[in-house]
Structure formats: C-alpha cells, structure tokens
Amino acid sequence: MAKLTINTTQNIEIDFKAASVGERILACLLDMIFKVLYFIVFYYMDTIFHFSNLIPTDIWSINAYFIIISIPIIFYTVIFEIVMQGMTPGKKILGIKVIKIDGYQATVVDYFIRWIFRVIDLYVGNGLIAVIGVISSSKSQRLGDFFAGTTVISTKNRVSLSTTIFQEVEQEYKPLLPQVIRLSDADIGVVKEIYLKYIKSRDYSLIKALANKLESELSIDKGQLALNNQEFVELVLKDYSHFTSKE
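Predicted model, so just to flag it, every value in this text is computed and none were measured. The numbering scheme is per chain: residues are counted from 1 as the chain's sequence reads. In keeping with the model being predicted, local features are shown solely for residues with a pLDDT of at least 70 and side-chain atom pairs are shown and tallied solely at 80 or more, while totals for entire chains, interfaces and linings include all residues. The basis for every side-chain value is the complete set of heavy atoms in the structure, and neither hydrogens nor water enter the calculation.

A. Highlighting the overall build of the protein. A count of helical and extended segments in the protein gives eleven helices and four strands. Summary of the burial criterion: residues with accessible area below 20% of their type's maximum are buried, those above 50% are exposed, and those between are partly exposed, where the area comes from a 1.4 Å probe applied to protein chains only. Each of the 247 residues in the protein was classed as buried or not, and the buried ones make up 39%. Working note: accessible area of the protein is about 14,200 Å², and carbon and sulfur atoms make up 63% of it. Numbering of helices and strands starts at the N terminus; helices are DSSP runs of H or I of at least 4 residues and strands are runs of E of at least 2. Surface exposure here means Shrake-Rupley accessible area, sampled with a 1.4 Å probe, where a residue is shielded only by the protein chains that are shown.

What follows is the structure in structure tokens.
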C-alpha cells in the first residue's frame, strides 16, 4: 500500500496510507451488492403492498415510476459520502474514506464533483479510466478526485489521539468544549501534527496561529477560559479524545 504525503495549508506534512486499487474496487463491488439488495427488498415489498398497481399503465407513468424508485441507487454514493463523511457502506467495511488532499474533510460540493465524474471514471471502459488514474497519479486520484481535490485513504492503521498525546482520559473527566465535535478526524489530525511540531520547535507563532484558528472555527473565546495558547490547544485535543472515545 503506497504512502501518501499530504501538505496541509499550514505547511505541515501528514503521512496517510493511500487506499489500494484493489480496496477501491472491492468497496465498489460491495456497494453494488447493497444496491442490488435494495431492489430485491423493494420488489419483495411491492409483492406485498402492490405499489406498482397504483401506477397508470401509460409508458410515461411507468418510466417515471422506475426513475423514482431508482433515485436512492442513482444518488447512493454521494448521499452516503455526505452522511458518512467520506464513506459508503462498502468503503466503511474496507476501512477507506475520501478526504481532501490538504488533509481536511471533503465538502458536499467535492462529493458531488466526484459523483458526477463517476460516469467517465467507472462506466467508460468498465472502470479502466479510474484504475489508470489511481495507478498513475502521485496522490492516487481518479479523474473525479483530481477535479474535486480529493483522494481516498486507508483508515485501518490510523493511530488515535488516546495512544499518542493522551494515553488515557480519566473516567470522571468533565469536558469543557462540546464544540470540538464539529471537527473531523482529519481536522484533529492536522491539529495534532501542528501541536507536535510546536512541542519540538517551540515556535510560539505556530501555536498562536493554531489556537487562533481553533478559536475562530469553534466560536470560542479562549480568553474566558483563562488559558494560554498551548493549554487551549491541549484542551481541544483532550476534549475531542474524550468525546470520540465514547462513540
């Protein structure tokens, strides 16, 4: 599995393991199975409740009926990637997810761009274009990833914060910042990387910029907490570790 080095907007390098072509293909096949299961379940429900009998027999009504029942399948990938933050059920099972190439969480627009280019990537040449793109790209990007500024990484070997900065969050710990749940795993990974770089370099401008960015993103006035920049960043990391360890 190739290593993928991502340069964040803060000029911090983060190493991820790029999802292999095999993992991406297998995830796609699993998603296809789930789509087929949807039609099987719908057909079974139709035999019980006779939905189709309510549809007029003209060709336009029949076509409209089939389009409507196919909407969950047509938008399957983009809906799940939005709801599951870069994953579909197939990706979830394989332990891979979509992220931005700057390490942050992809946006709704990014997911739609990837979905639109699926027509070319996956259905032209039976997926050959996607395979060639992933293999030849330095960031393991198919065409949709390239235009969306995304890639697909493996999450299976991700090291959690609790095993790095915080070995353990005590049971009776009371978090102060519930806002941290707005952050994604990729976001907190960037925060951790910058924090660790600060610990090594003691570059106070770096920790100040990070604290100010977190203060803005989370709509928190760190001055009211009576914490310096380092203590504030550590509190964000610890509270995030607390909340995610409960999931």
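Anyway, onward from the coordinates.
B. Up close: the nonpolar core. Among buried residues, those of type Ala, Val, Leu, Ile, Met, Phe, Trp, Tyr and Cys that are joined through side-chain atoms within 4.5 Å constitute a nonpolar core. One finds L214, V233 and V236 to be the most contacted residues of the largest nonpolar core, which totals 23 residues. Of all the secondary-structure elements, those providing two or more residues to this core are α9 (185–201), α10 (204–217) and α11 (229–245). Look past the residues within four positions of L214 in its chain and what remains in contact with it is L183, V191, F232, V233 and V236. Formed by nine residues, the second largest nonpolar core is a distinct cluster that contains V78, V98, Y111 and V152. Contact between two residues is taken to exist if any of their heavy atoms lie within 4.5 Å; hydrogens are not considered.

C. Focus on the packing of α9 against α10. Every angle, taken between N-to-C directions, lies between 0 and 180 degrees, and every axis is a line fitted to C-alpha atoms, over only the stretch in contact when it is a helix. Where α9 contacts α10, the two axes come as close as 9 Å, and the packing angle between them is 155°. As summarised for this structure, α9 and α10 are arranged roughly antiparallel, according to the angle between their axes. Crossing handedness for the pair α9 and α10: left-handed. Of α10, the residues touching α9 (which contributes V191, I194, Y195, K197 and Y198) are Y204, L206, I207, L210 and L214. Along the lines of polarity and charge, the residues of the contact of α9 with α10 split into nine nonpolar, no polar and one charged. For classification purposes, angles smaller than 35 degrees are called roughly parallel, those larger than 145 roughly antiparallel, those between 65 and 115 roughly perpendicular, and all remaining angles oblique. Each crossing is labelled by how the near helix is turned from the far one, with a counterclockwise turn of less than a right angle marking it left-handed and a clockwise turn marking it right-handed. Residue classes follow a fixed rule: Ala, Val, Leu, Ile, Met, Phe, Trp, Tyr, Cys and Pro count as nonpolar, while Asp, Glu, Lys and Arg count as charged, and any other residue, Gly among them, counts as polar.

D. Inspection of the packing of aromatic side chains at higher detail. Planes of paired rings set the category: under 30 degrees apart is stacked, over 60 is edge-to-face and the rest tilted, where pairs are Phe, Tyr or Trp rings (Trp by its six-membered ring) whose centres lie within 6.5 Å. All told, the structure shown has twelve aromatic pairs when counted by the stated rule. Where F42 meets Y65, the ring centres are 6.5 Å apart and the plane angle is 50°; that geometry is what we call tilted. One end of the pair, F42, is in helix α1 (residues 21–49); the other, Y65, is in helix α2 (residues 59–74), and 23 residues separate them in sequence. Residue F42 is classed as partly exposed on the basis of its relative accessible area, which comes to 22%. Using a relative accessible area of 12% as the deciding quantity, one classes Y65 as buried. Here the aromatic rings of F112 and W115 are separated by 6.1 Å at their centres, their planes lie at 90°, and the arrangement is edge-to-face. In this pair, F112 and W115 both sit in helix α5 (residues 108–116), three residues apart, roughly one turn of the helix. For F112, a relative accessible area of 33% gives the class partly exposed.

E. Seen up close, the side chain of R114. By the secondary structure assignment, R114 is in helix α5. With a relative accessible area of 3%, R114 lands in the buried category. Two N or O atoms count as a polar contact when they lie within 3.5 Å, although within protein this holds only if one can serve as hydrogen donor and the other as acceptor, and sequence-adjacent residues are included solely when both atoms are side-chain atoms. Looking at R114, its side chain comes within polar contact range of the side chain of T150, at 3.3 Å. Once residues lying within four places of it in the same chain are set aside, the contact partners of R114 are R24, E81, V98, R142, G144, D145, A148, T150 and V152.

F. Main features of unusual backbone geometry. For H50, which is not a glycine, the phi torsion comes out positive at approximately 60°. Residue class for H50 comes out partly exposed when judged on its relative accessible area of 40%. Positive phi values are uncommon outside glycine, yet A226 reaches one of about 55°. When its relative accessible area of 67% is taken as the criterion, A226 is described as exposed.

G. How the structure looks around the pattern of salt bridges. Salt bridges are defined as contacts in which a side-chain nitrogen from Lys or Arg sits within 4 Å of a carboxyl oxygen from Asp or Glu. For the coordinates displayed, the defined rule picks out seven salt bridges. Its salt-bridge partner being E81, residue R114 comes within 3.0 Å of it at the nearest N-O pair. With R114 in helix α5 and E81 in helix α3 (residues 76–83), the pair connects residues that are 33 residues apart, well separated along the chain. Among the residues examined, E81 registers a relative accessible area of 1% and is labelled buried.

H. Focus on α9. With 17 residues, α9 extends 24 Å from end C-alpha to end C-alpha; this agrees with the ideal 24 Å at 1.5 Å per step. Among the residues making up α9, those that are buried are A186, D187, I188, V190, V191, K192, I194, Y195 and Y198. Between the first and last residue of a helix there are one fewer steps than residues, each counted as 1.5 Å, and that sum is the expected span.

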